[in-house]
Amino acid sequence: MEKFKNYITNPGTIISFIVFIFGLWVCYATLNSRLSAVEKAQAEIDTAYIQSTLAQIQTDIQWIKIELQK
């Protein structure tokens, strides 16, 4: 138990632990920002897809109206 206490209280171990925690924080922040960017891009793609689908539906409806009027 004494060896473990000495290892934990060793300044090198404490610094390594602090560096490890900081590295985890940087990794989390980076991944979180990239995920936000991907979600925004996905929303824009979804919006563009919906708009193009609506335009196609409107074109189809206009074609049906023209055919029914003939």
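Residues numbered from 1 in each chain as written. Predicted model: local features only at pLDDT ≥ 70, side-chain atom pairs only at ≥ 80, totals over all residues. Heavy atoms only, no water.

A.B. asks: For this particular structure, what's the right way to read the overall build of the protein chain?
C.D. replies: On a plain count of helices and strands, the protein chain comes out with two helices and zero strands. Against the 2.2 N^0.38 benchmark of 11 Å for 70 residues, the protein chain shows a C-alpha radius of gyration of 29 Å, more extended than a compact globule. Projected onto the principal axes, the alpha-carbon positions of the protein chain cover approximately 95 × 20 × 5 Å. Counting every position in the protein chain, which comprises 70 residues, the buried fraction comes to 1%. Carbon and sulfur atoms form 68% of the exposed surface of the protein chain, whose accessible area is close to 6,700 Å². Here the protein chain holds 6 positive side-chain charges and 6 negative ones, and the gap between their average locations is 11 Å. (Helix = DSSP H or I, 4+ residues; strand = E, 2+ residues; numbered from the N terminus. Rg over C-alpha atoms; globule rule 2.2 N^0.38 Å. Buried < 20%, exposed > 50% of the residue type's maximum accessible area, 1.4 Å probe, protein only. Areas by Shrake-Rupley, 256 points an atom, 1.4 Å probe, with all protein chains shown as cover. Lys, Arg positive; Asp, Glu negative; His and termini not counted. Charge placed at Lys NZ, Arg CZ, Asp CG, Glu CD.)

A.B. asks: Looking at this model, I keep getting lost on the side chain of threonine 13. Mind explaining?
C.D. replies: Topologically, threonine 13 is positioned in helix α2 (residues 11-69). What makes threonine 13 buried here is its relative accessible area of 16%. If we ignore the near neighbours within four places in the chain, the residues touching threonine 13 are Tyr7 and Ile8. (Contact = heavy atoms within 4.5 Å.)

A.B. asks: I tried to follow the packing of helix α1 (residues 2-9) against α2 on my own but got confused; where do I start?
C.D. replies: The packing of two helices is summarised by the inter-axis angle and the distance between the axes. Put simply, α1 and α2 touch, their axes get as near as 5 Å, and they point 60 degrees apart. It follows from the interaxial angle that α1 and α2 lie oblique. Here Tyr7, Ile8 and Thr9 of α1 come into contact with α2, specifically with Pro11, Thr13 and Ile14. Along the lines of polarity and charge, the residues of the contact of α1 with α2 split into four nonpolar, two polar and no charged. (Axes fitted to C-alpha atoms, helices over the stretch in contact; angles between N-to-C directions. Parallel < 35°, antiparallel > 145°, perpendicular 65-115°, else oblique. Nonpolar A, V, L, I, M, F, W, Y, C, P; charged D, E, K, R; others polar.)

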